[in-house]
Amino acid sequence: MIIDTHVHYDDEAFDEDREELLASLHANGIGCVIDIGSSAESLPRVRALAEKYDFVYGAVGLHPDEVGDLTGEVMADLREDMKNPKILAVGEIGLDYYWNKEAKEIQKDAFRKQIYLAQEFGKPIVIHSREAAADTLEIVQEMYGPGSSGEHMERKGVMHCYSYAVEQARIYTRTLGFYLGIGGVVTFKNAKKLKEVVADTPMEYLILETDCPYLAPVPFRGKRNSSLYLPYVVSAIAELKEISEEEVIRITAANARRLFGIH
Ligand code: NI
C-alpha cells in the first residue's frame, strides 16, 4: 500500500467531499496519510483528523510564512502534541524566501526553535524550503551534522517537495541521513532537475507525497490534487529508476514507516 507522507486534507479545498474521499483511499491502494500542519489555524484541524481516522496521522508546526504566529502559547500546544502517538512529526517548518512573508531572521529563529522541539522528543521534521537552499542546508547541517544535537538521531526528517540540485540532494541523503519527498512535480515535462535528482538518489532515501490540494501530477496538473493521483508519481519514479511500480510502492512505504515510526 502507498503511504502519502504529505497531505493537507484539513484544507477547505476538501470541505465538500472530505469524508467520501478519505473513505475511498483504502480501496485505491493508499494505506495511510500524514496530514501536515501549516498555519496556527490548521493545527486544531490536523489534530481532529488524526483523532477521527485511524489511517490519518498528523504533523504539527508552523510553515515559514506563518511563523509570526509562533507565540509561547502555540509552542506550548506543540509541546503537548509531542506526547500524542498519532502526531508523528514536526512540520512543515523551514524557510521560504520566495514569498518572504516574514523577515529572514524570524524565519530562521522559528525553524531552529521547532527543530529543538522535535529533537527533544525524538521526532522527525518535515522541511519546507523554497528559494532558500544555502540557508536551509546551513541550518540542517548545524542541527543534524557532525557534532550537533541531532547527529545521532535515528529519524531525522524529510526535505518535502525537494526542488534543489543533485549536489545538495547527495548531502541531505547520504551525508545527513534525510529523505526526499517526491510528488507531482516529477511528472512535469519541465522538471529536468528533479528527474535528475530522482535518478541519482538511491531508492532508500525516497518517500511519496502529494502536498494535496496542491501540485497535482500530469495529466491533472493545475487541478485539485489528492492521494488518488499518486500512481502517476509512482509510475514516473519507476521509469526513472528502471524498476517496477510495485517496487517503488514497497520501498517508499518501508522508508516512510522507518522515518515516521508507523507500525
Ligand atoms: Ni505542504
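Only a predicted model underlies this, so the values are computations on that prediction, with no experimental measurement involved.

Draft legend 1. Fine view of the sheet that holds strand 5 (residues 125-130). An order of 1-2-3-4-5-6-7-8 is seen for the 8 strands of this open sheet, with the pairing classed as parallel. Two strands close off the open sheet at either side, each with one partner strand: strand 1 (2-7) and strand 8 (206-208). When the angles between neighbouring strand axes are averaged without regard to direction, this sheet yields 30°. Here 3 bridges tie strand 5 to strand 6 (residues 157-159), and the two strands are oriented parallel to one another. Across the sheet, Val126 pairs through a bridge with Val158, a residue of strand 6. Strands in contact with helix 2 (residues 42-52) are strand 2 (30-36) and strand 3 (56-60); relative to strand 3, the strand with the most contacts, it is inclined by about 155°.

Draft legend 2. Quick peek at the coordination of the nickel ion. At 2.1 to 2.2 Å from the nickel ion lie its protein donor atoms, namely His6 (NE2), His8 (NE2), Glu92 (OE) and Asp211 (OD). Taken together, the 4 donor atoms surrounding the nickel ion define angles of 86 to 177° at the centre, an arrangement classified as irregular. One chain supplies every donor to the nickel ion, and in sequence these donors are spaced H-x1-H-x83-E-x118-D. Taken together, the residues His8 in the loop between strand 1 and helix 1 (18-24) and Glu92 in strand 4 (residues 87-96) connect sequence positions 84 residues apart. Taken individually, His8 and Glu92 each receive the classification buried, so the pair is uniform in this respect.

Reading guide: rules and limits
- Counting restarts for each chain: residues are numbered from 1 in the order of the written sequence.
- Local features in this predicted model are restricted to residues whose pLDDT is 70 or higher, and side-chain atom pairs enter the listing and the counts only when it is 80 or higher, whereas totals over whole chains, interfaces and linings include all residues.
- Water and hydrogen atoms were dropped before computing side-chain values, which therefore reflect all heavy atoms in the structure.
- DSSP-based pairing: two strands are paired if at least 2 bridges between them are found.
- Strands are runs of DSSP state E lasting at least 2 residues, helices are runs of H or I lasting at least 4, and numbering of each runs from the N terminus.
- For every element, the axis is a line fit to its C-alpha atoms; helices are fit only across the contacting stretch, and the angle between N-to-C directions ranges from 0 to 180 degrees.
- In what follows, a contact means two residues having at least one pair of non-hydrogen atoms within 4.5 Å.
- Excluding water, the donors of a metal are its N, O and S neighbours within 2.8 Å, or within 3.2 Å for Na, K and Ca, and that exclusion means sites may look incomplete.
- Here the metal geometry follows the donor angles, with tetrahedral for four donors whose angles all fall between 85 and 135 degrees, square planar for four and octahedral for six when opposite donors are more than 155 degrees apart and every other angle is between 65 and 115, and irregular for all the rest.
- Any residue under 20% of the maximum accessible area for its type is buried, any over 50% is exposed, and the rest in between are partly exposed; the area is computed with a 1.4 Å probe on protein chains only.

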